[in-house]
Amino acid sequence: MKHLDEYRDKALVKPLVAELARSVSKPVRLMEVCGTHTMAIFRNGVRSILPEGMEIVSGPGCPVCVTSASHMDAFIAMAEMAGVRVTIFGDLFRVPGSNGSLAQASSRGAKIDIVYSPMDALDIARNNPEDMVVFLGVGFETTTPAIGATILVAQREHIDNFCVFSTHKVIPGPLELLMQDPDLKINALLCPGHVSAIIGAGAYQPFVDKFGLSCVVAGFEPADLLNGLILLARQVSENNPRVENLYPRVVSWEGNGRAISMVDEIFEPVDMEWRGLGVLPLSGLAIKEKYAHFDAQKRLDITIPESGEAKGCLCGQILKGITIPPQCPLFDKRCTPANPIGPCMVSSEGTCAAYHKYGRDD
Amino acid sequence: MCLAIPMKVEKVEGNPDDFTQNQIATVNMNGIGKQVRLDVVDRWPEVGDYVIVHAGFAIHSLVEEEAKKNIELIRELASHMPEEMLIAGDD
């Protein structure tokens, strides 16, 4: 695809690196909250060209990483119930709860299928009428509309043996709580590309108004990222925080109305536990009573245990951007991608996995 | 994981206001036709448009000119830089 190659064009990128160095005149400590940004920043070597005075911190942008041990334990217990077949996005398979993972449950005989789309889970339900097929809903604003749409299709087609365990989470509220932490000292926000496609760039205006945070929405290509960093550096240097949208080919100011309506139809805000951050008010989405028939927690009478995090694991601090992975005593010692202890090492988008794969030049 | 690569729409089934029928586009991914859902796409695409797809669902549609406009913005930004910075490097 020709126009994508142009974003990766080195002739475009090189002057941007120089411009970035010129743009930083005051310290910029920026947070990104998108697992795809985390990986794109590492993969493209952006950290190695950061000018002095600019620092990038990864926040809670990886949905698998912020899934609590309690939820993982509930997922595993449910997968081991007779007559239940669990469907998941692949990243979740090896995430540890307080006692093992879905991968281990699978090796003990639990029925677990990895799917690419929630619609695939619906196909599995059609093909396995004897099983209750549960989709484990893990994800942010980008994913939730797809799950809602799948529930509507299941209802329309009377697929009775399909339901969803919703642990869906929203980004802005928890981010606002995080920004109130005086230890964090973030002054710029690289806003997530595809979460913003749904909620709109306008969703970040409160961060400008309340915290004086510079906000730029950016895509995932090197030129997108570098332009995002340049604009953030300029905003900070000029002391002129505002929301700028560098990804207008995908993100509008008001967001995706059809997707937002879909979520409002099926889900309602609820308090939700985040790994490392605890229970945050109205930070999650539960299935409305009207669609209780598709709510796995109600259909299968699931209670969520109160599980602790793995001893010594600093994922919680890492997800808040307070600690970086090399500061964790387990990092690259007891905790590796082959034998992960915390979720940030399991997920391909996790901050620890990124530091492991691309080195720790930070 | 967000896949940022837009896929070209080759066929559209259903209509935007009728949720009682399937809303599906066939897109071209590396020469292979693949079906994606249009239930939550922001703007109903025409054949020849592009869509950004997440978990099998199109979340955004764009015409090719929109993608090109963004490249122009980047070029414009580059044009404000000193000339020596614009010499293409391949390192």
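For the structure given in this document, a descriptive report is provided here. (Residues numbered from 1 in each chain as written. Chains lettered and ligands numbered in written order. Predicted model: local features only at pLDDT ≥ 70, side-chain atom pairs only at ≥ 80, totals over all residues.)

Attention now goes to the overall build of chain A. On a plain count of helices and strands, chain A comes out with 16 helices and 12 strands. Relative to a compact globule of 362 residues, whose C-alpha radius of gyration would be 21 Å, chain A shows 21 Å and is just as compact. Seen through its C-alpha atoms, chain A measures out along the principal axes to roughly 65 × 45 × 40 Å. Scored against the burial criterion, the 362 residues of chain A give a buried share of 57%. Partitioning the intrachain contacts of chain A with sequence separation of at least 6 by distance along the chain shows that 76% fall at a separation of at least 24. (Helix = DSSP H or I, 4+ residues; strand = E, 2+ residues; numbered from the N terminus. Rg over C-alpha atoms; globule rule 2.2 N^0.38 Å. Buried ≥ 20, exposed ≤ 12 C-beta atoms within 10 Å, placed from the backbone. Contact = placed C-beta atoms within 7 Å.)

Core analysis: the largest hydrophobic core is formed by 142 residues, its most contacted members being Leu30(A), Val134(A), Leu189(A), Leu232(A), Val51(B) and Ala58(B). Considering each element in turn, this core owes the most residues, 9 residues, to helix H11 (residues 222-237) of chain A. If we ignore the near neighbours within four places in the chain, the residues touching Val134(A) are Met78(A), Val84(A), Val86(A), Thr87(A), Cys163(A), Phe165(A) and Ala296(A). (Core = buried A, V, L, I, M, F, W, Y, C linked by C-beta atoms within 7 Å.)

Our next topic: the environment of Leu189(A). All names here are of chain A. With respect to the secondary-structure elements, Leu-189 resides in strand E8 (residues 188-191). A C-alpha to C-alpha distance of 11 Å links Leu-189 and Leu-231, two positions 42 residues apart in sequence. In this structure Leu-189 touches Leu-30, Met-31, Tyr-204, Phe-207, Leu-213, Ser-214 and Cys-215, once residues within four positions along its chain are discounted.

The side chains of a regular strand alternate between both faces of the sheet. All names here are of chain A. Counting buried residues along strand E6 (residues 162-166), 5 of its 5 residues qualify, which places the element largely inside the surrounding structure. Of the two faces of E6, the one lined by Phe-162, Val-164 and Ser-166 and the one lined by Cys-163 and Phe-165 are each fully buried. Here strand E5 (residues 132-137) runs beside E6; their pairing, made up of 5 bridges, is parallel. Bridge pairing links Leu-136 to Phe-165 in E6. Of the crossover connections in this fold, the one passing from E5 over helix H7 (residues 144-156) to the parallel E6 is right-handed. (Pairing = 2+ DSSP bridges. Right-handed = clockwise from strand over helix to strand, strands pointing away.)

What follows is about unusual backbone geometry. Of note, the phi angle at His158(A) is positive, near 55°, even though the residue is not glycine. By secondary structure assignment, the location of His158(A) is in the loop between H7 and E6. With a phi close to 50°, Ala55(B) is a non-glycine residue in the positive phi region. Mapped onto the fold, Ala55(B) is located in the loop between strand E4 (50-54) and strand E5 (57-62).

So yeah, pure geometry; function would need other evidence.
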